Amino acid sequence: MKQNLHTHTQYCDGKDTVEEMVLEAISRNFDSIGFSGHGTNYPYDPCSMDEQRTDLYMRDIYAANEQYQDRIRVYLGIEEDSIGQRFSHEDFEYIIGSVHFLIHNGEAAPIDYSQARFEQILTDWYDSDILKMAKAYYDAVKEMVSRPEVDIVGHIDLIAKYNENEKYFRFEDPAYLAMAKDAAETAIANNKIIEMNTGAIARGYRTKPYPHIALLKHIHECGGKICISSDCHNRANLDLGFEQCVELARLAGFTEIMMLGDEGFYPVPIEEAGC
Ligand SMILES: [Zn+2]
Ligand SMILES: [Zn+2]
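Residues numbered from 1 in each chain as written. Chains lettered and ligands numbered in written order. Predicted model: local features only at pLDDT ≥ 70, side-chain atom pairs only at ≥ 80, totals over all residues. Heavy atoms only, no water.

**Thoughts on the side chain of H6**
- Tracing the chain through its elements places H6 in the loop between β1 (3-4) and α1 (18-27).
- Given a relative accessible area of 0%, H6 falls into the buried group.
- Among the polar contacts made by the side chain of H6, one reaches the side chain of E195 at a distance of 3.0 Å. (Helix = DSSP H or I, 4+ residues; strand = E, 2+ residues; numbered from the N terminus. Buried < 20%, exposed > 50% of the residue type's maximum accessible area, 1.4 Å probe, protein only. Polar contact = N/O pair within 3.5 Å; in protein donor to acceptor, adjacent residues only side chain to side chain.)

Right under this line is the structure:
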């Protein structure tokens, strides 16, 4: 079984059309693909979809599902931003909840836009104290994962996007890890699926998927559920790093990966999942 529920198109900041992505998924033997365009988040994210674009996006995806129904199942999802519009299952088949922005004194800034911007936020807002910044981030994650509409937690440790060589903090620093674990535990208590996400690998910032293995192990120990995605913004990367995800998931102790079916999410044995 092969599925990717975290993908972007030209309707937001992706490179390809819905149809190009669907055809790519078919050619790579995916059983299904889900689209998760950036939900409305104005004025902060100019790449997010406004109401009109969301409408076109939805129609395009319905049409692709219909047109290619004999070859692939196409799901309609959305990536809800923690400071943007909230969505409902009346309109979408699944919802990914993600924190990309932090808020400070009434201002919002993206932590994943660029390393320079990340450092600016760290310096200007958090006195260069990465633990202070991580605390603000994970507090936002905890709020996000408490929302009833959210199915999947997007890139749960996005705060580590530029931390490949532990430039900003040690992943296993107990003070850092305690905050990350707390957020993961809140997600698990709220029955959310936590995604393994290879998006930063495609962009060359990391060599490993989110979440970090130390956090992934904890997620498993707490009975958490995971899925695998590539946060795809370019169809060439539709299944980038999936094998590595399966390997890491096994290493962390997982025997199942969650997938979306017509009746909702269900577990697939790891040996049948992903690649
Ligand atoms: Zn995201
Ligand atoms: Zn995304």
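Don't stop here, the text continues.
**Focus: the pairing of strand β4 (residues 94-98)**
- Most of β4 is tucked away, with 5 of its 5 residues classed as buried.
- Burial along β4 is two-sided: Y94, I96 and S98 facing one way and I95 and G97 facing the other are all buried.
- Sheet topology places β4 next to strand β7 (residues 152-153); 2 bridges connect them, and they run parallel. Across the sheet, residue G97 finds its bridge partner in β7, namely V153. (Pairing = 2+ DSSP bridges.)

**A few points about the environment of H38**
- Tracing the backbone through its elements, the reader meets H38 in strand β2 (residues 32-38).
- Separated by 43 residues in the primary sequence, H38 and D81 have C-alpha atoms spaced 7.3 Å apart.
- Filtering out sequence-adjacent residues up to four positions away, H38 remains in contact with H8, C12, D13, D45, S48, M49, E79, H100 and H233.
- Within the structure, H38 has its side chain in polar contact with the side chain of D13 (distance 3.4 Å). (Contact = heavy atoms within 4.5 Å.)

**Side note on the coordination of the zinc ion (ligand 2)**
- Within the first shell, the zinc ion (ligand 2) binds the protein through H6 (NE2), H8 (NE2), E79 (OE) and D231 (OD), at distances of 2.1 to 2.4 Å.
- Read in sequence order, the donor residues for the zinc ion (ligand 2) give the motif H-x1-H-x70-E-x151-D.
- A separation of 3.3 Å is found between the zinc ion (ligand 2) and the zinc ion (ligand 1), which share E79 as a coordinating residue. Linking H8 in the loop between β1 and α1 with E79 in strand β3 (residues 73-81), this pair joins segments that are 71 residues apart in sequence.
- Judged by its relative accessible area of 0%, H8 falls in the buried class.
- Residue class for E79 comes out buried when judged on its relative accessible area of 1%. (Donors = N, O, S within 2.8 Å, 3.2 Å for Na, K, Ca; no water.)

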